[in-house]
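# Coordinates in review
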Amino acid sequence: MPLAATPPAEQSSAMSAAGVPAPAPAAELPVPATTSNATTGPAFDPKEVTVIFVLGGPGAGKGTQCARLVQDYGFVHLSAGDLLRAEQARPGSQFGAMIKEYITEGRIVPMEVTIKLLENAMRAAMSSEAGQAKEAGAAGGNKGIPARRFLVDGFPRQMDQAVKFDETVCPSSLVLFLVCPEPILLERLLERGKTSGRDDDNAASISKRFQTFINTSMPVVDYYRKQGKVVDIDSAKSIEDVYADIKSAIEPVLGA
Ligand code: UDP
Ligand code: MG
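Computed from a predicted structure; not experimentally measured.

Within this structure's numbering, the places UniProt gives as "binding site: ATP" (unreviewed entry) are Gly59, Ala60, Gly61, Lys62, Gly63, Thr64, Arg192 and Lys237. The subset of the named residues that lines the largest pocket consists of Gly59, Ala60, Gly61, Lys62, Gly63, Thr64, Arg192 and Lys237. Position of Gly59 among the secondary structure elements: in the loop between β1 (49-56) and α3 (62-73). If sequence neighbours within four positions are ignored, Gly59 has contacts with Leu185, Arg188 and Leu189. Using a relative accessible area of 10% as the deciding quantity, one classes Lys62 as buried. If near-sequence neighbours (up to four positions away) are discounted, Lys62 is found in contact with Val54, Leu55, Gly56, Gly57, Asp153, Gly154 and Leu178. Polar side-chain contacts of Lys62 include one of 3.1 Å to the backbone oxygen of Gly57.

Structure, rendered in structure tokens:
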């Protein structure tokens, strides 16, 4: 595949020469484009939103654990992979074919697309009264929740994304890193592949995803580890046991 050798060409339709999203592609995304950029600082104030990144290899259990956290703590769950798949499936998306190719190859979609999808989803959640009511309900009717809580799942997984998101969207408060041996990940993904319908839950894509994880995503974990933000979670354990460890890790951050 030419993807490895030619990312700039792949990205050219989505970017201006200056490397910022061009107006037309941004307007193509499902929620209206926003105006944040590196010169105006992050789009969201960390005092008003709490962002927790959930990272880990493919099949580590990010989505499963995030769903539990949504139930118990009223997080808004944003899976970068799910947002990309939704954009891929959106009729008329100019990014659909590009996203499908990157995902099948286990490569990282150019960050402009993913970051804009995340930012737009955050903004939609912030302004959605329905979302606020749901969050209050999920948190046991407590309407006094001070900050909107976001779980950003499966992102950032490349250094450029990490730097750009922190700079233009919102720095995270915590990084949960789900650690699991590769043979267990493989077994889980092949099992999921029987029913997931995903383009990348097959043996060929899985091995490429593992390579991308080691070469491209681990440096992001190391970067946040140096900032003291990473908590390692052994995710080879049962769903219940992993969740208990995650709760212990996040409660101090939430002040719960
Ligand atoms: N992906 C991407 N950028 C991101 C997150 C995901 O390009 O920031 C793509 C990438 O090709 C990845 C795929 O989406 O392999 C599936 O990601 P997802 O998080 O859904 O997979 P998981 O790790 O949960 O199995
Ligand atoms: Mg996932």
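A few words now on the site of ligand 1. Taken together, 21 residues sit near ligand 1, with Lys62, Arg85, Arg107, Val109 and Arg209 positioned nearest. Here Arg157 contributes a side-chain N or O atom positioned 2.9 Å from an oxygen atom of ligand 1. Between Gln161 and ligand 1, the recorded distance is 3.1 Å, taken from a side-chain N or O atom to an oxygen atom. Compared with its free state, where it exposes 540 Å², ligand 1 has 96% of that area covered by protein. More than half of the atoms of ligand 1 fall within 2 Å of the grid points belonging to the largest pocket. Looking at the shell around ligand 1, the elements that each hand over two or more residues are α4 (80-89) and α5 (96-104). The leading source of residues in the shell around ligand 1 is α4, at four residues. The class makeup of the residues in the shell around ligand 1 is eight nonpolar, five polar and eight charged.

As a further point, take the environment of Leu151. Along the chain, the position of Leu151 falls in strand β3 (residues 148-153). Judged by its relative accessible area of 0%, Leu151 falls in the buried class. For the pair Leu151 and Cys66, spaced 85 residues apart in sequence, the C-alpha to C-alpha distance is 7.0 Å. Other than its neighbours up to four places away in sequence, Leu151 contacts Ile52, Val54, Cys66, Leu69, Phe75, Val76, His77 and Leu78.

Turning our attention to the pattern of salt bridges. One pass over the full model with this rule turns up 15 salt bridges. With its nearest N and O atoms 2.8 Å apart, the salt bridge here joins Asp82 to Arg85. Linking Asp82 with Arg85, this pair stays in helix α4, spanning three residues, or about one helical turn. You can call Asp82 partly exposed: its relative accessible area is 43%. For Lys237, the salt bridge is made with Asp245, and the minimal N-O distance between the two is 2.8 Å. Overall, Lys237 belongs to the partly exposed group, its relative accessible area being 36%. What makes Asp245 partly exposed here is its relative accessible area of 28%. Taken together, the shared-partner salt bridges connect Arg192, Arg198, Asp200, Asp201 and Arg209 into one network.

Rules behind the numbers
- Residues numbered from 1 in each chain as written.
- Chains lettered and ligands numbered in written order.
- Predicted model: local features only at pLDDT ≥ 70, side-chain atom pairs only at ≥ 80, totals over all residues.
- Heavy atoms only, no water.
- UniProt positions renumbered as here; feature names shortened; annotations may be inferred.
- 1 Å grid on protein atoms, 1.4 Å probe; cavity = no way out; pocket = protein on both sides within 12 Å on 5 of 7 lines; lining within 4 Å.
- Helix = DSSP H or I, 4+ residues; strand = E, 2+ residues; numbered from the N terminus.
- Contact = heavy atoms within 4.5 Å.
- Buried < 20%, exposed > 50% of the residue type's maximum accessible area, 1.4 Å probe, protein only.
- Polar contact = N/O pair within 3.5 Å; in protein donor to acceptor, adjacent residues only side chain to side chain.
- Near = heavy atom within 4 Å.
- Areas by Shrake-Rupley, 256 points an atom, 1.4 Å probe, with all protein chains shown as cover.
- Sits in = over half its atoms within 2 Å of the grid points.
- Nonpolar A, V, L, I, M, F, W, Y, C, P; charged D, E, K, R; others polar.
- Salt bridge = Lys/Arg side-chain N within 4 Å of Asp/Glu carboxyl O.

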